[in-house]
Amino acid sequence: MASAVRLRTLACNCERWRFPSHRQLVSLQQLTHCSFGHALAFHNPRNRNLTENRVPTLIQDIRYGSRMLLKNSGFTAVAVLTLALAIGANSALFSVVNAVLLKPLPFQDSSRLVNIRMTEKREANRISSVVSYPDFQDWEAQSRSFSSMTVWDTEDYTLTGQAEPVDLSGTVASANLFSTLGVSPVLGRAFLPSEERPGNSGFAAILSYSTWQGRFGGDPQILGRALTLNGQSFTVIGVMPNGFQFPIQQDHVDLWTTLAPKMVVRDGGTPMTAQRGAHWLRTIARLKPGVTIQQATAGLNVVQSAINKAHPENRPTGIDIIPEKERLVGDVNQALLILFAAVGFVLLIACANLANLLLARSTARQKEISIRAALGAGRMAIVRQLLTESVLLSLIGGACGLLLAFWANGALVNMAAKSLPRAATITLDGTVLAFTAAVTILCGLLFGLAPALQTSKLSISHALNEAGRTGTESGDQGRIRSTLVISEVALALVLLIGSGLLIQSLWKLQRTDPGFRKDQLITFELYLPGSRYQDPQVLAFYRDLMPKLQAIPGVQEASGAFGLPFAPNGATIGFDIARHPVPESERPSADTKIVAPGFFPTMGIPLLNGREFAPQDTLSSTPVLMVNEAFVKKYFRGENPIGQQVKPGIGFGKDAPEEFREVIGVVGDVKGTGDLSAPADPQVYLPTTQGPINDLNVVVRTALPLATILPDLRTQVHSIDHDLPLLGVKTMSDYVDESIAQPKLNTLLLGIFAGLAFILTAIGLYGVISYSVAQRTREMGIRMALGAQRGLILKMILQQGLRLALIGVGAGLCAAFALTRLISSLLYEVRPTDLATFLAVSLLLLGIALFASYVPALRATRIDPVVALRHE
């Protein structure tokens, strides 16, 4: 009772000191109705610092803020859900950006690792990532900018000598690969320089940790064990650490070998390692301390100029050096940054929504804030209390968002596995958690600051006199809420337009004709070991295999090719045209494929002129070839290509020279580079019957599912050679889909973000109009009491919502015209300022704005004037 008397006395004193009119008296009932517990805290003798106009402690702010959030459970639930979606999306995408773009490569001092590429002297924009082994040897011997330099290439190996042949993914490299990367085997040793040359004791191999554990059971006696790979003997000399992988790619690497096996040629021909014109190796080097990339590039260009002069028969080339990480990331960098900016827009829209909610809530808390001020709380104390509530709310939303990000992380890894480098390393690590914490706190401050400052400016006398029972919104609050909604509409418009452009681009990309019928095509790769298969055996093997495959029930056609469209193998080879001779160093080049008879009908590639390859085109008959339409347009310029003489820079068999071949046919263009958006390059086709090759992709056209027919395919191959595994079994549709995996991922993620922005914006607009109707209940009651028609009320409210939406759309269109140009490189056959997309998205947003305004407007027309006035 004594406390109540003291409280009444304090309230009366506050009124007497601060308010000139007794009509503004704060009664005990009003005080206890607003915030009785907190008001008592001001009087508690143990908190005398509060009665002396000092701010509450942080712990008290947190306790009071927690009680307020629990009391307003509906508001808290909506706010937490909004924050969880926005912060969760940001955390999930940041985990991708962190893994792909921010994390250093998992090698010692990886910032000094660089990739060396070759550029065409006559075509500055044409860059080749591969080099010949003789050129590399000259670089290594003459350059002074690198502490070490190594070359490598990927290779498939068939492990035999067990019950079933096993396919292993490998890498061939020069002996100093691991010392260049700064990594040592966890078991055994690295390669010796002598092991880069063929020896009498076979070849050396180093296993990955996962292969050692999974394939060989972690056998501690694995060192010195002999393995038969591709029909050749290898000795295991080491095991790499767990988690190590090079090259960094989607598929794991099982083992590493030196270049020694590539220096052995069974047919007595010239090995690729001795051919200066054979560019097939990738280069990675470590810069010396203190040497910049620019200095290294200049120095190596001097070396390459000397090579060009010494070998004028080769195309003159220059040198381009970039960080190894930049090579790995490639074009993914821009796409990820654009997506990260997009998800940031979603976060801003969420913050704007919550700021609107807090502004609306602050109106209902006017009496509470006024009484606090009357009891001595300063403006900064009120701002701190309100910001504490905002940050608490944000922390709860951030925690829920983190749980959502954990779930989304697994989905992102699966979606990005075939389109992003280092996708396997995407995880919510300490960096991502720190980012989430920082974003969470920043959001709490961002959406809480404006409402807190606005609320703290309340006039005590005005608030207590005008608030009434429901509270009214000030003009400043209304303007702030309208500005926030306009910003939401503008940001959402930008995201929706960007998403619309990408969707339209992907739709066109998916409908691009690859040049062949991809449906009902199954392919697998066969590698015939050179130790057992020379040219006659290769020809005999495929001559026996194709009829067996065609005899399988459900198989319509079967053939094969080296250089299958969208497959990783293939070659770009220079050539001469008899009627248009040029110096050897200026020879043009074309994508060269070696195909089996029946390849074009099996693939569904149309024959435009001449004839196809036939079994009669043998090693003893006239050398022939076929070209595509792009080749004819570029090099024959209206001439009849049939009968023209073309000499590819490739020979077959022991010491076989390059020779002119007769063009016998022209086929349609095929997207052979693996990029559906790129135009078809000039292509040359050679017959396997005149150019036997050990590595061939078999293609089978069948309506049967892959799982159904695969056992029959394997049975027919093993009926000829039991030690041959079927490598890379998949459909041609899979190959095509993988080529557009990155555009699909970009479109999907931006579409999700745009959808979130759209929903949040619609909710925000609905909230503003709905709250405006609630605040103007008395006004509308008076209007209708004075004779206003319900249609006029409906029109007035719809105009309010539409006005906000129109301003937001106008601002968004200006921003979109500027920002969509940033995604032009991600678009295919769609302009970044496509007017149809801009118009459609604008109308969509205006339509949702009208709908969001119509619901509260309809509710306003049903207001009973008597009830509205009695309520006030």
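Up top you'll find the structure we're talking about.
In this numbering scheme, every chain counts its residues from 1 along its sequence in written order. The model is predicted, so local features are restricted to residues of pLDDT at least 70 and side-chain atom pairs to those at 80 or more, both for listing and for counting; the totals for chains, interfaces and linings are taken over all residues. For the side-chain quantities, the full set of heavy atoms in the structure was used; hydrogens and water were omitted.

**Q** Report on the overall build of the protein, specifying residues and quantitative values.
**A** Summing up its helical and strand segments, the protein has 26 helices and 22 strands in all. For the protein, restricting intrachain contacts to residue pairs at least 6 apart in sequence, the fraction spanning at least 24 positions comes to 81%. For the protein, the computed accessible surface area is about 38300 Å², with 57% contributed by carbon and sulfur atoms. Each helix is a run of DSSP H or I of at least 4 residues and each strand a run of E of at least 2, with the numbering of both proceeding from the N terminus. When checking whether two residues touch, look at their non-hydrogen atoms; a contact exists if any pair is within 4.5 Å. Exposure was quantified through the Shrake-Rupley algorithm and a 1.4 Å probe, taking into account, for residues, occlusion by the shown protein chains and nothing else.

**Q** Please provide a residue-by-residue account of the packing of aromatic side chains, values included.
**A** Ring geometry is summarised as follows: Phe, Tyr and Trp rings, the Trp one being its six-membered ring, pair when their centres sit within 6.5 Å, and such pairs are stacked at plane angles under 30 degrees, edge-to-face over 60 and tilted between the two. Counted under the stated rule, the structure contains 25 aromatic pairs. On the basis of an interplanar angle of 80° and a centroid distance of 6.1 Å, the ring pair of Tyr157 and Phe234 is categorised as edge-to-face. Taken together, the residues span a long stretch of sequence, with Tyr157 in strand β3 (residues 146–160) and Phe234 in strand β8 (residues 232–239) at a distance of 77 residues. In terms of burial, Tyr157 and Phe234 fall into one category: buried. Aromatic ring contacts, followed pair by pair, group Phe107, Trp152, Phe178, Phe191, Phe244, Phe246 and Trp256 into a single cluster. Geometry around Tyr735 places Lys730 over its ring, the cationic atom sitting 4.7 Å from the centre. A 1.4 Å probe rolled over the protein chains alone gives each residue an accessible area, and that area as a share of the maximum for its type sets the label: buried under 20%, exposed over 50%, partly exposed in between. Whether a charge sits over a ring depends on NZ of Lys or CZ of Arg being within 6 Å of the ring centre and within 35 degrees of the ring normal.

**Q** So, the nonpolar core: which residues are in play, and what are the values?
**A** Here, nonpolar core means buried Ala, Val, Leu, Ile, Met, Phe, Trp, Tyr and Cys residues that are tied together by side-chain atoms lying within 4.5 Å of each other. If you look at the biggest cluster of nonpolar residues, it comprises 85 residues, and the most contacted ones within it are Val346, Leu393, Phe447 and Phe753. At the level of elements, α5 (73–102), α11 (332–364), α13 (379–416), α14 (430–456), α16 (475–510), α22 (741–775), α24 (790–819) and α25 (835–861) are the ones that each hand at least two residues to this core. Apart from residues lying up to four places away in sequence, Val346 is in contact with Ala86, Leu495, Phe753, Leu756, Ala757 and Leu760. Of all hydrophobic cores here, the second largest spans 42 residues; its members include Met118, Tyr157, Trp212 and Ile321.

**Q** Before we move on, could you go through a nonpolar patch on the surface and cite the residues and values that matter?
**A** A surface patch of nonpolar side chains, about 370 Å² in accessible area, is lined by Tyr766, Phe851, Tyr854 and Val855. No other element matches the three residues that α25 contributes to the nonpolar patch. Here Tyr854 is to be found in helix α25. When its relative accessible area of 37% is taken as the criterion, Tyr854 is described as partly exposed. Residues enter patches when they are more than 30% accessible in relative terms and free of salt bridges; like-charged ones are connected within 9 Å and nonpolar ones (Val, Leu, Ile, Met, Phe, Trp, Tyr) within 5 Å. Think of a salt bridge as a Lys or Arg side-chain nitrogen and an Asp or Glu carboxyl oxygen that are within 4 Å of each other.

**Q** For α25, give the residues involved together with the corresponding values.
**A** One less than the residue count of a helix, multiplied by 1.5 Å, gives the span that helix is expected to have. Helix length check: α25 (27 residues) gives 38 Å between terminal C-alpha atoms against 39 Å at 1.5 Å per residue, within 8%. Bend, in this description, refers to the angle at a residue between axes fitted to the seven residues ending there and the seven starting there. At Tyr854, α25 shows its largest bend, some 30°, and a proline, Pro856, comes one to four positions later.

**Q** Tell me about the state of the cysteines, and please be specific about residues and values.
**A** The criterion for a disulfide is a pair of cysteine sulfur atoms lying within 2.5 Å. The final tally for this structure, using the stated rule, is zero disulfides. Cysteine Cys351 remains unbridged, with the sulfur of Cys443 as its closest cysteine sulfur at 3.7 Å. The exposure class assigned to Cys351 is buried, which follows from its relative accessible area of 4%. A relative accessible area of 2% means that Cys443 is categorised as buried.

**Q** Got a sec to walk through the pairing of β3? Specific residues and values, please.
**A** The buried fraction of β3 amounts to 12 of the 15 residues, a majority that puts the element mostly inside the structure. By this definition, two strands are paired if DSSP reports at least two bridges between them. Judged from the six bridges that link them, β3 and strand β10 (residues 282–287) form a sheet pairing that is antiparallel. For Ser148, the partnering residue across the bridge sits in β10 and is Arg286. Two elements, β3 and strand β4 (residues 166–173), share eight bridges in a ladder whose sense is antiparallel. Across the sheet, Trp152 pairs through a bridge with Ala173, a residue of β4. Sheet topology places β3 next to strand β7 (residues 226–229); two bridges connect them, and they run antiparallel.

**Q** An account of the pattern of salt bridges is requested, with residue identities and associated values reported.
**A** Under the criterion given, the structure shown has 15 salt bridges. The shortest N-O distance in the salt bridge between Arg587 and Asp576 comes to 3.3 Å. Linking Arg587 in the loop between β14 (571–577) and β15 (589–595) with Asp576 in strand β14, this pair joins segments that are 11 residues apart in sequence. Given a relative accessible area of 16%, Asp576 falls into the buried group. In this structure, the salt-bridge partner of Lys730 is Glu738, at a minimum N-O distance of 3.0 Å. Residue classification places Lys730 among the buried positions, given a relative accessible area of 18%. Beyond isolated ion pairs, a larger network of salt bridges with shared partners links Asp135, Asp138 and Arg276.

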